[in-house]
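Residue-level listing of the chains:
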Amino acid sequence: MKSIFNIGVFAALLVSLFSLPVYAADSVEAKCGVPAKDPYILSAHFHKCWAEGNVEGLGAYYDENSVFISEQGKKRVRITGVDNILKQLRIYVKLSADTNSTLANPYKVVEVNEAGDMALVTAAWVIRNADGSQVLREAVATEVYVKTKKGNWVYAIDDPFHPLLVHREHLLSFAQN
């Protein structure tokens, strides 16, 4: 009996799976407030600042053209400009401290699609209670980074609560009707 299992194909598949890049925030040396010189490290730097509660350091990753999509109740609100974005992030960081919750490490960058001076990034994140036993919030973020004239990567669009993925149950039920 001839086997349909081909060891060469299996080995090639294993090699390709294990050579996929990992973009976990803890796989690089993250430094809060340090400009991101490539798109793969921007989220790592961002989450280092978040973990430290350093909102001012987060300012290094936005510019005046940046857009942050905030959730306020059931509304999605567009916030523009560094000062306004940092004002909203202060609320989130304070809420995290007040509830004794933590952004679980690592923040997982699932995919980075770079095209010249732009990158489309998909990332998954989880906020847990202090002892890590309970998930308080989880979502998939959609982020667009741009390279500045100084060569630093910043958020063009930061959408930490992507509606397509956050509300997938609703969309799946809609698609079935």
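Each remark here, short or long, concerns the structure printed above.
Novice: Help me out: how do you make sense of the state of the cysteines in this one?
Specialist: Here a disulfide denotes a covalent bond joining the sulfur atom of one cysteine to the sulfur atom of another. Taken as a whole and judged by the stated rule, the model has 1 disulfide. Here C32 connects covalently by a disulfide to C49, the sulfurs 2.1 Å from one another. Here C32 and C49 share a disulfide; its torsion about the S-S bond, 110°, makes the bridge right-handed. Remark: C49 occurs in helix 2 (residues 39-52) and C32 occurs in the loop between strand 1 (23-24) and helix 2; sequence separation between them is 17 residues. Neither residue differs from the other here; C32 and C49 are each classed as buried.

Novice: For this particular structure, what's the right way to read the pattern of salt bridges?
Specialist: As a working rule, side chains carrying opposite charge can pair if their charged atoms are close by. Here the structure, examined in full by the defined rule, presents 3 salt bridges. The salt bridge involving K48 is made with E52; its shortest N-O contact spans 3.9 Å. In this pair, K48 and E52 are both assigned in helix 2, 4 residues apart and thus about one turn of the helix distant. For K48, a relative accessible area of 35% gives the class partly exposed. Residue class for E52 comes out partly exposed when judged on its relative accessible area of 46%. The closest approach of N and O atoms between R90 and E56, which form a salt bridge, is 2.5 Å.

Novice: Got a minute to help me understand the nonpolar core in this structure?
Specialist: A general feature of soluble globular proteins is that nonpolar side chains tend to end up buried together. If you look at the biggest cluster of nonpolar residues, it comprises 34 residues, and the most contacted ones within it are F46, Y62 and L89. Contributing elements (two or more residues each) for this core: helix 2, helix 3 (55-58), helix 4 (82-98), strand 5 (108-115), strand 6 (118-129), strand 7 (135-147) and strand 8 (153-159). Apart from residues lying up to four places away in sequence, L89 is in contact with F46, W50, V55, L58, Y62 and F68.

Novice: Whenever I open this one, helix 2 confuses me. Can you help?
Specialist: Among the 14 residues that make up helix 2, 10 are buried, leaving the element largely enclosed by the rest of the structure. Looking at where helix 2 begins, the residue whose side-chain oxygen comes 2.7 Å from the main-chain nitrogen of Y40 is D38. G53, located one to two residues past helix 2, shows a positive phi value of around 70°.

Novice: Would you mind showing me how to read the side chain of D158 here?
Specialist: Considering the arrangement of structural elements, one finds D158 in strand 8. For the buried D158, which has no salt bridge, the nearest side chain bearing the opposite charge is R76, at an N-O separation of 9.8 Å. Beyond its immediate stretch of four places on either side in the chain, D158 contacts F46, Y62, V67, F68, I69, T142 and E143.

Novice: What am I meant to see in the layout of surface pockets here?
Specialist: Rolled over the atoms, a probe as big as a water molecule pinpoints where empty space is left. Estimates place the volume of the largest pocket at around 480 Å³. Looking at the largest pocket, it is lined by 23 residues, and the ones nearest its centre are W50, Y92, W125, I127 and F161. Residue assignment for the lining of the largest pocket shows that the elements contributing at least two residues are helix 2, strand 2 (67-72), helix 4, strand 4 (101-103), strand 6, strand 7 and strand 8. Within the lining of the largest pocket, the residues separate by chemical class into 14 nonpolar, 5 polar and 4 charged.

Novice: Is there a simple way to think about the environment of A44 in this case?
Specialist: Relative to the elements of secondary structure, A44 occurs in helix 2. Distance in space between the C-alpha atoms of A44 and K108 is 9.3 Å, their sequence separation being 64 residues.

The rules behind each value
- Residues numbered from 1 in each chain as written.
- Predicted model: local features only at pLDDT ≥ 70, side-chain atom pairs only at ≥ 80, totals over all residues.
- Heavy atoms only, no water.
- Disulfide = S-S within 2.5 Å.
- Helix = DSSP H or I, 4+ residues; strand = E, 2+ residues; numbered from the N terminus.
- Buried < 20%, exposed > 50% of the residue type's maximum accessible area, 1.4 Å probe, protein only.
- Salt bridge = Lys/Arg side-chain N within 4 Å of Asp/Glu carboxyl O.
- Core = buried A, V, L, I, M, F, W, Y, C linked by side-chain atoms within 4.5 Å.
- Contact = heavy atoms within 4.5 Å.
- Polar contact = N/O pair within 3.5 Å; in protein donor to acceptor, adjacent residues only side chain to side chain.
- Lys, Arg positive; Asp, Glu negative; His and termini not counted.
- 1 Å grid on protein atoms, 1.4 Å probe; cavity = no way out; pocket = protein on both sides within 12 Å on 5 of 7 lines; lining within 4 Å.
- Points joined across faces, edges and corners; volume = space filled by probe spheres on them.
- Nonpolar A, V, L, I, M, F, W, Y, C, P; charged D, E, K, R; others polar.

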